[in-house]
Amino acid sequence: MLNGIVLFLNFVVVPATSYGAQLALGALGVNLIFGVLRFSNFAHGDTMAFGTMLTILGTWALQSAGFSLGFLPTALAALPLGIAGTILFCLAADRLVYAHYRRQKAAPVVFMMASMGVMFILNGVVRIVIGPNERSFADGERFLLTAQQFKDATGLLEGVTIRTSQALTLAVAVLAVLALFLFLQRTRTGAAMRAFSDNETLALLCGVSPKVVIRTTWIIAATLMTVAGVLYGLDKSFRPFTYFQILLPIFAAAIVGGFGRPVGAIIGGFIVAFSEIALTYAYRKVVLYFLPGSDVGDSLLQLVPTDYKFSISFVILVVILIIAPTGILKAKSS
């Protein structure tokens, strides 16, 4: 039974925790833009790809110059470049696209359609610059704990593997979430953003500068998008189309937790991640550890084929919209 538990931890709990942290960071950016700017940013996934692409290019430049961070991935040193480039792009997109519709006081659906246009442009730019194929940019020490080390220490037949990228994802996600909450709760600009989000008219009457709030929102969202994209690429691999695909689980996480609610984004991210990985895992070996001698035939005991992983997010999204349209935490209205 211990072997079965360790097997479950290794293939479900550990990767789902890492993936959940990545989705939570992505959903935080979605919720921030929706909560303050009041529209659903469909360019979110491709902006993550854009920031990751800039980080990869910076990583390759550092690697070619012989620079290394030792056991940590060199991408961490190139991350500020990716963040800076993504911030500049988001501010430029806001000035050239979204500001026009704000002046016209357009409906949220118009902003959403405009974000889809930005999404297609970004998708093409990333594919042209770095290509459509899979790109690997992870270096440094690959594992913090190998399965063999775990087996030697415990004497069990199964082991737990913890990759450096997984531990790094969780650590960076925790720091990013803490920094965001401290900023929103303890700083004057954070208070202005919360006031603007709760009641824009009253915030303007109190002297809140909409330009500062909008600019700060894009800066924070761009930072979260880039960090989430780079962590996802380090943990898995970078492929532009994949970042378009994870837009669905990111939005599912945001809606499950409550659109416009930062805490809900974190809860929703882990719910979606654990659902996807737990439902697509093949439980055959786990069942044989718990019920030795049981006849399971040739079945992998897999509830949902791996190819349908992203459809789980869609099902979760539909169920939540039917049962609890405002999410676990009540969503902000647009």
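About the thresholds
- Residues numbered from 1 in each chain as written.
- Predicted model: local features only at pLDDT ≥ 70, side-chain atom pairs only at ≥ 80, totals over all residues.
- Heavy atoms only, no water.
- Helix = DSSP H or I, 4+ residues; strand = E, 2+ residues; numbered from the N terminus.
- Expected span 1.5 Å × (residues − 1).
- Buried < 20%, exposed > 50% of the residue type's maximum accessible area, 1.4 Å probe, protein only.
- Contact = heavy atoms within 4.5 Å.
- Phe/Tyr/Trp six-rings, centres within 6.5 Å; stacked < 30°, edge-to-face > 60°.
- Lys NZ or Arg CZ within 6 Å of the ring centre and 35° of its normal.
- 1 Å grid on protein atoms, 1.4 Å probe; cavity = no way out; pocket = protein on both sides within 12 Å on 5 of 7 lines; lining within 4 Å.
- Points joined across faces, edges and corners; volume = space filled by probe spheres on them.
- Nonpolar A, V, L, I, M, F, W, Y, C, P; charged D, E, K, R; others polar.
- Polar contact = N/O pair within 3.5 Å; in protein donor to acceptor, adjacent residues only side chain to side chain.

A few words now on helix α12 (residues 262-280). Because the α-helix completes a turn every 3.6 residues, residues three or four places apart line up on one side. Spanning 19 residues, α12 covers 28 Å between terminal C-alpha atoms, matching the ideal 27 Å at 1.5 Å per step. Residues of α12 that are buried: Gly264, Ala265, Gly268, Gly269, Val272, Ala273, Glu276, Ile277, Ala278 and Thr280. Where α12 is buried, its residues meet α1 (2-37), α11 (247-257) and α14 (309-323).

For the rest of this paragraph, the subject is the packing of aromatic side chains. What the rule picks out here adds up to 14 aromatic pairs. Ring-pair connections join several aromatic residues into one group, and the members of that group are Phe39, Tyr98, Tyr101, Phe111 and Trp218. The aromatic ring of Tyr19 is capped on one face by Lys309, whose charged end is 4.6 Å from the ring centroid. Taking NZ or CZ as reference, Lys309 lies 5.9 Å from the ring centre of Phe310, over its face.

All right, on to the layout of surface pockets then. Any space left empty among the atoms is revealed by the rolling of a water-sized probe across them. Looking at the largest pocket, its volume works out to about 740 Å³. Every residue lining the largest pocket is counted, 21 residues in all, and those nearest its centre are Leu37, Ala99, Arg102, Pro210 and Ile214. Every element with two or more residues in the lining of the largest pocket is listed here: α1, α3 (75-103), α4 (108-130) and α9 (210-235). The residue inventory of the lining of the largest pocket, partitioned by class, reads 12 nonpolar, one polar and eight charged.

Glancing now at empty space enclosed by the protein. Taken as a whole, this structure holds two cavities of 30 Å³ or more when the rule is applied. Volume-wise, the largest cavity comes out at about 50 Å³. Asn41, Ala43, Thr47, Phe89, Cys90, Ala93, Tyr98, Val118 and Trp218 together form the lining of the largest cavity. The element that contributes the greatest number of residues to the lining of the largest cavity is α3, accounting for four residues. Its residues assigned to classes, the lining of the largest cavity shows seven nonpolar, two polar and no charged.

Counted at 1.5 Å a residue, the expected span for helix α2 (residues 44-64) with its 21 residues is 30 Å, and the 30 Å between its end C-alpha atoms agrees. With 15 of its 21 residues buried, α2 lies for the most part within the structure. Backbone geometry just downstream of α2 places Gly66 in the positive-phi region, at approximately 85°.

Moving on, we get to the side chain of Thr169. Its place among the elements puts Thr169 in helix α6 (residues 164-186). Here Ser165 takes part through its backbone oxygen, which lies 2.7 Å from a polar atom of the side chain of Thr169. Look past the residues within four positions of Thr169 in its chain and what remains in contact with it is Ser18, Ala21, Gln22 and Leu231.

Keep in mind these values describe shape, not function.
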